[in-house]
Amino acid sequence: MIFNNSLKNISKIGIGDIIANGISAIFWFYLASSMLPAEYGHIHYLMSFAAIAATLSTIGAQNVITVYISKNKNVTSTLFFVSLTFSIISCLILFLIFNKFEIGLLAIGMMIFTHGIASNLGNRNYSKYAIYSILQKISMVFFSISFYYFLGIDWILLGIGLSYFIHTKLFINYLKKFRIELKELKTNKKFILENYFLMLTNMVTTQMDKLLITPILGLAILGNYSLAIQVLAIIGIIPGIIFKYVLPEASRGNYSKKLQRNVILLSILLALIGIFVIPNIIPLFFDKYNEVIQIIQIMSLSIIPNTINMFYYSQFLAAEKGKTPLFGGIISSSILVIGMIVLGSLYGVIGIAVTNVLTYSSACLVSYIMVKKVFPNKRGNK
């Protein structure tokens, strides 16, 4: 019964993510085919700074908000307020550094959208989550392509940034819904801080690689690497959908072993598709991206440990044990930074691809060891 209900709710998240990510993939693939690898890499290079600023500003992180809303804790409006304050400061700093207001605007939009996602998932408004996810991507395509053709490449970021403000009304409603009590942050500071630092380690894993690749191998290689990331995001979309469902359910004590087994088997199949099928398709559309095939074939292996770690991660967060995955995040982030510098310098694209796999594999290994210690008698629903 639980498994059947899981499929029903996962399908709602899945429809939203599949359509939204499909639109996003077409958008990024179109830009890749229209640009030189160095131009494509430059866009992602600037986006990384916006993503880092948004991450630093999002106090509490998406997963914390999802868990707290699932548990009916009233600290969320305070988290929203503090995050908004920090994101405005980040916006001003980015403007002073780059003299480009659109990067800071993108950072604020990312922060607001992250809170909107967390709110819908925490309240189990899976249909609303799907609708807003799709609308954001449609808005991104409309604004970005329009700006691209009429104003130029540099204005693509403005179009992307504007699309993220689709959750503004929901964000404001949460600010009004509850009283802003800063003392609530102190009451819940342990879990909030643990997850904030965990979010920072995830930021290193997902964004620092782009900042390191540029000075070591150049923007053209970053363009190839960014295209590979987009392809793998499509391949790994289903495990990502499952996690968005699993976290709020695990927070309510619902956990399905059968679901876990099936998703892990699926991740193995997806990795094989990335290794053997995708490389035959890429040259038909992206003939200027000479390095992308090797990167995809190697990095496809990371889908398996990343999927397995997703279930460990949800258990830790649902139990409000943020310190445990934080330890694994620190180790994997360290491996990514060292690997990108050392292996990237020595072996080029192969080195950065291998580093990606090592990063996610190390995080999974640490989580496996820790889950045995933290939950020695854990048993899920069949």
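Before going into details, it helps to say that this report is about the structure given with it. No experiment lies behind these values; they were computed from the predicted model shown. (Residues numbered from 1 in each chain as written. Predicted model: local features only at pLDDT ≥ 70, side-chain atom pairs only at ≥ 80, totals over all residues. Heavy atoms only, no water.)

**Some details on the overall build of the protein**
Consideration 1: Regarding its fold elements, the protein presents 18 helices and zero strands.
Consideration 2: The buried share of the protein, taken over its 382 residues, is 55%.
Consideration 3: Pairs at least 24 apart in sequence give 84% of the contacts found in the protein among residues at least 6 apart. (Helix = DSSP H or I, 4+ residues; strand = E, 2+ residues; numbered from the N terminus. Buried < 20%, exposed > 50% of the residue type's maximum accessible area, 1.4 Å probe, protein only. Contact = heavy atoms within 4.5 Å.)

**Digging into the environment of Trp155**
Consideration 1: Of note, Trp155 is situated in the loop between helix H6 (126–150) and helix H7 (156–163).
Consideration 2: C-alpha separation for the pair Trp155 and Ile103, spaced 52 residues apart in sequence, amounts to 10.0 Å.
Consideration 3: With residues near it in sequence (within four places) discarded, Trp155 still touches Phe101 and Phe147.

**A closer look at the nonpolar core**
Inside soluble globular proteins, nonpolar side chains tend to come together where they are buried.
Consideration 1: Ranked by internal contacts, the top residues of the largest apolar core, which has 69 residues, are Trp28, Leu31 and Ile160.
Consideration 2: Excluding anything up to four places from it in sequence, Trp28 contacts Tyr40, Ile43, His44, Met47, Met140, Ile160 and Gln230.
Consideration 3: By size, the runner-up hydrophobic cluster in this structure holds 15 residues, among which are Tyr68, Phe80, Cys91 and Ala118. (Core = buried A, V, L, I, M, F, W, Y, C linked by side-chain atoms within 4.5 Å.)

**Describing the packing of aromatic side chains**
Consideration 1: Under the defined criterion, the tally for this structure stands at 14 aromatic pairs.
Consideration 2: Centre to centre, the rings of Phe113 and Tyr164 are 5.4 Å apart; their planes meet at 65°, and the pair counts as edge-to-face. Linking Phe113 in helix H5 (residues 101–122) with Tyr164 in the loop between H7 and helix H8 (168–177), this pair joins segments that are 51 residues apart in sequence. Taken as a pair, Phe113 and Tyr164 share a single burial class, namely buried. (Phe/Tyr/Trp six-rings, centres within 6.5 Å; stacked < 30°, edge-to-face > 60°.)

**Notes on the pattern of salt bridges**
Consideration 1: Taken as a whole and assessed by the stated rule, the structure comprises one salt bridge.
Consideration 2: The shortest N-O distance in the salt bridge between Lys210 and Asp209 comes to 3.9 Å.
Consideration 3: According to the relative accessible area criterion, Lys210 is buried, its value standing at 9%. (Salt bridge = Lys/Arg side-chain N within 4 Å of Asp/Glu carboxyl O.)

**As for the side chain of Gln207**
Consideration 1: Residue placement: Gln207 occurs in helix H10 (residues 189–217).
Consideration 2: Gln207 has contacts with Ser48, Ala51 and Ile52, leaving out every residue within four places of it along the chain.

**Looking at a nonpolar patch on the surface**
Consideration 1: A contiguous nonpolar patch, built from Tyr30, Phe95, Leu96, Phe101, Tyr149, Phe150, Leu151 and Trp155 and spanning about 910 Å² of accessible area, is present on the exposed surface.
Consideration 2: Contributions of two or more residues to the nonpolar patch are made by helix H4 (76–98) and H6.
Consideration 3: As for its placement among the helices and strands, Phe150 is situated in helix H6. (Patch = residues over 30% accessible without salt bridge, like charges linked within 9 Å, V, L, I, M, F, W, Y side chains within 5 Å. Areas by Shrake-Rupley, 256 points an atom, 1.4 Å probe, with all protein chains shown as cover.)

**Observations concerning the side chain of Gln136**
Consideration 1: Of note, Gln136 is situated in helix H6.
Consideration 2: Given the relative accessible area of 1%, Gln136 is considered buried.
Consideration 3: Within polar-contact distance, the side chain of Gln136 engages the side chain of Lys137 at 3.3 Å.
Consideration 4: Beyond its immediate sequence surroundings of up to four residues, Gln136 is in contact with Phe113, Ser163, Tyr164 and Ile166. (Polar contact = N/O pair within 3.5 Å; in protein donor to acceptor, adjacent residues only side chain to side chain.)

**Topic: unusual backbone geometry**
Consideration 1: Phi is positive for Asn99, which is not a glycine, with a value near 60°.
Consideration 2: Along the chain, Asn99 falls in the loop between H4 and H5.

**A few points about the packing of H6 against H7**
Consideration 1: For the pair H6 and H7, the least separation of the axes is 7 Å and the interaxial angle reads 155°. With respect to each other, H6 and H7 are oriented roughly antiparallel. Along this stretch, H6 crosses H7, giving a crossing that reads as right-handed. Residue-level contacts link Gln136, Ser139, Met140, Phe143, Ser144, Phe147 and Tyr148 of H6 to Ile156, Leu158, Gly159, Ile160, Leu162 and Ser163 of H7.
Consideration 2: When its residues are assigned to classes, the contact of H6 with H7 shows eight nonpolar, five polar and no charged. (Axes fitted to C-alpha atoms, helices over the stretch in contact; angles between N-to-C directions. Parallel < 35°, antiparallel > 145°, perpendicular 65-115°, else oblique. Left-handed = near helix turned anticlockwise from the far one by under 90°. Nonpolar A, V, L, I, M, F, W, Y, C, P; charged D, E, K, R; others polar.)

**Description of the environment of Thr355**
Consideration 1: On the secondary structure map, Thr355 appears in helix H18 (residues 349–374).
Consideration 2: On the accessibility criterion, Thr355 (1% relative accessible area) is buried.
Consideration 3: As for Thr355 and Gly339, which are separated by 16 residues in sequence, their C-alpha atoms are 5.2 Å apart.
Consideration 4: Not counting residues up to four positions away in its chain, the partners in contact with Thr355 are Ile335, Leu336, Gly339, Met340 and Leu343.

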